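Each chain, letter by letter, is given below.
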Amino acid sequence: MRPTSWMVILLAATVLAAPASAQTSVDKTVPFELDKWYELNVKEGPVTLHRIRLERTGGGGLKARVTGGEDEYRVPVKVELEYSNISSTDWRAVFRVSWVDESGETIDGYNGSHQLDEKKDFDRTGGTVTTLRYGIGRARKLRLLINVKPD
C-alpha cells in the first residue's frame, strides 16, 4: 500500500469515529407561524427538547420608551425553548433559528447560546430579536437548528 493510500484510510477512519455528539440535535424546517408551539420531542443524553415557539412580543422596548412610541417598521420576536435536564450538570443549547421566504432565501433569524440548568424537570430558555414587520409578513418557513452538549 502506498503511503498516501494508508493516510486516506486513516483519515476516513478518524472521521467515522468522530463522536456522535457533534451531530445536530434538531434540524427541522416547518411552516412559519408566530405564537405557535412547534413540537420537538428530541432527547439528547439527559436533556429533552420539548418544543419551541416564536412569539410576537408587545413592542414596548427601550427604543419605544425613549422615543415615546413604537417603531412602526420593527417588531420584537421572542424565541422560547422548553426543555428538561435531568443530569447533575448544566448543558448548553446553541440556537440557529431563521425564517425564510417562499424562494428559500433567509429573511432574518435568531442565533444564541443558552445554558440548560441542571436538575430541571421542565424549564424555558431563549432570547429576543427585533426584526422588520415586512420580513415577518413574507416568511413562509422556519428553519430550526439546535445543538445541545454538556456545558
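Peer 1: In this structure, what is going on with the overall build of the chain? I would like to understand it.
Peer 2: Counting secondary structure elements, the chain contains three helices and eight strands. Expressed as a percentage of the 151 residues in the chain, the buried residues total 34%. Pairs at least 24 residues apart make up 67% of the contacts formed inside the chain by residues separated by at least 6 positions. When the accessible surface of the chain is split by element, carbon and sulfur atoms take 53% of a total near 9300 Å².

Peer 1: Got a minute to help me understand the packing of aromatic side chains in this structure?
Peer 2: The description of two aromatic rings rests on the distance between their centres and on the angle between their planes. According to the stated counting rule, one finds two aromatic pairs in the structure shown. The interplanar angle of 50° and the centroid separation of 6.1 Å between the aromatic rings of Phe-32 and Trp-99 together place this pair among those described as tilted. Residue Phe-32 is located in the loop between β1 (26-31) and β2 (36-44), and its partner Trp-99 is located in strand β5 (residues 91-100); the two are separated by 67 residues in the primary sequence. One exposure class covers both Phe-32 and Trp-99, and it is buried. A ring pair is formed by Phe-95 and Tyr-110, whose centres lie 6.0 Å apart and whose planes are at 80°; its orientation type is edge-to-face. Within this pair, whereas Phe-95 is found in strand β5, its partner Tyr-110 is found in strand β6 (residues 106-116), the two being separated by 15 residues in sequence. Tyr-110 sits in the buried class, given a relative accessible area of 9%. One Lys or Arg, Arg-51, reaches over the ring of Trp-37 and ends 4.1 Å from the middle of that ring.

Peer 1: Looking at this structure, I do not really get the side chain of Asn-85. What am I missing?
Peer 2: Inspection of the secondary structure assignment puts Asn-85 in strand β4 (residues 74-85). At a separation of 2.8 Å, a polar atom in the side chain of Asn-85 contacts the side chain of Ser-87. When residues no more than four places from it in sequence are discounted, the contact partners of Asn-85 are Pro-46, Val-47, Asp-90, Trp-91, Leu-116, Asp-117, Glu-118, Lys-119 and Lys-120.

Peer 1: Please clarify how the nonpolar core should be interpreted in this entry.
Peer 2: A general trend in soluble globular proteins is that nonpolar side chains are found buried together. Core analysis: the biggest nonpolar cluster contains 30 residues, and Leu-40, Leu-49, Ile-52, Leu-54, Leu-142 and Ile-146 have the highest contact counts within it. Of all the elements in the fold, those that place two or more residues in this core are β1, β2, β3 (47-56), β4, β5, β6 and β8 (141-150). In contact with Ile-52, other than residues within four places in its own chain, are Lys-36, Trp-37, Tyr-38, Leu-40, Val-79, Glu-80, Leu-81, Phe-95, Val-97, Leu-144 and Ile-146.

Peer 1: Sorry if this is basic, but what is going on with the sheet that holds β4 here?
Peer 2: Sheet strands pair via backbone hydrogen bonds, and the direction of the pair is either parallel or antiparallel. Sheet architecture is open: four strands sit in the order β2-β3-β4-β7, paired in antiparallel fashion. Each end of this open sheet is capped by a strand with a single partner; those strands are β2 and β7 (120-132). Strand-to-strand twist in this sheet, taken as the mean axis angle between neighbours without regard to direction, amounts to 20°. Sheet analysis places β2 next to β3, joined by seven bridges and oriented antiparallel. Bridge assignment links Lys-43 to a residue of β3, and that residue is Thr-48.

Peer 1: Quick question: what am I supposed to make of the environment of Leu-144 here?
Peer 2: Tracing the sequence through the fold places Leu-144 in strand β8. Taking the C-alpha atoms as reference points, Leu-144 and Trp-99, separated by 45 residues in sequence, lie 8.9 Å from one another.

Peer 1: Looking at this model, I keep getting lost on the confidence of the model for the chain. Mind explaining?
Peer 2: Fine structural detail should not be taken from predicted coordinates in areas where pLDDT scores are low. Per-residue confidence for the chain gives a mean pLDDT of 84, with 76% of residues at or over 70. Note that residues 10-22 has pLDDT below 50 and, in this model, zero contacts with residues that lie over four places away or in other chains.

Peer 1: I tried to follow the pattern of salt bridges on my own but got confused; where do I start?
Peer 2: Between side chains of opposite charge, a pair can form as their charged atoms come close. As enumerated under the stated definition, the model contains nine salt bridges in all. For Asp-27, the salt bridge is made with Arg-143, and the minimal N-O distance between the two is 2.6 Å. Here Arg-143 lies in strand β8 and Asp-27 lies in strand β1, a separation of 116 residues in the sequence. For Asp-27, a relative accessible area of 48% gives the class partly exposed. With a relative accessible area of 30%, Arg-143 lands in the partly exposed category. Shared partners join several salt bridges into a network, and the residues in it are Arg-51, Arg-53, Glu-55, Lys-78, Glu-80, Glu-82 and Arg-124.

Cut-off values and rules
- Residues numbered from 1 in each chain as written.
- Predicted model: local features only at pLDDT ≥ 70, side-chain atom pairs only at ≥ 80, totals over all residues.
- Heavy atoms only, no water.
- Helix = DSSP H or I, 4+ residues; strand = E, 2+ residues; numbered from the N terminus.
- Buried < 20%, exposed > 50% of the residue type's maximum accessible area, 1.4 Å probe, protein only.
- Contact = heavy atoms within 4.5 Å.
- Areas by Shrake-Rupley, 256 points an atom, 1.4 Å probe, with all protein chains shown as cover.
- Phe/Tyr/Trp six-rings, centres within 6.5 Å; stacked < 30°, edge-to-face > 60°.
- Lys NZ or Arg CZ within 6 Å of the ring centre and 35° of its normal.
- Polar contact = N/O pair within 3.5 Å; in protein donor to acceptor, adjacent residues only side chain to side chain.
- Core = buried A, V, L, I, M, F, W, Y, C linked by side-chain atoms within 4.5 Å.
- Pairing = 2+ DSSP bridges.
- Axes fitted to C-alpha atoms, helices over the stretch in contact; angles between N-to-C directions.
- pLDDT = per-residue confidence, 0-100.
- Salt bridge = Lys/Arg side-chain N within 4 Å of Asp/Glu carboxyl O.

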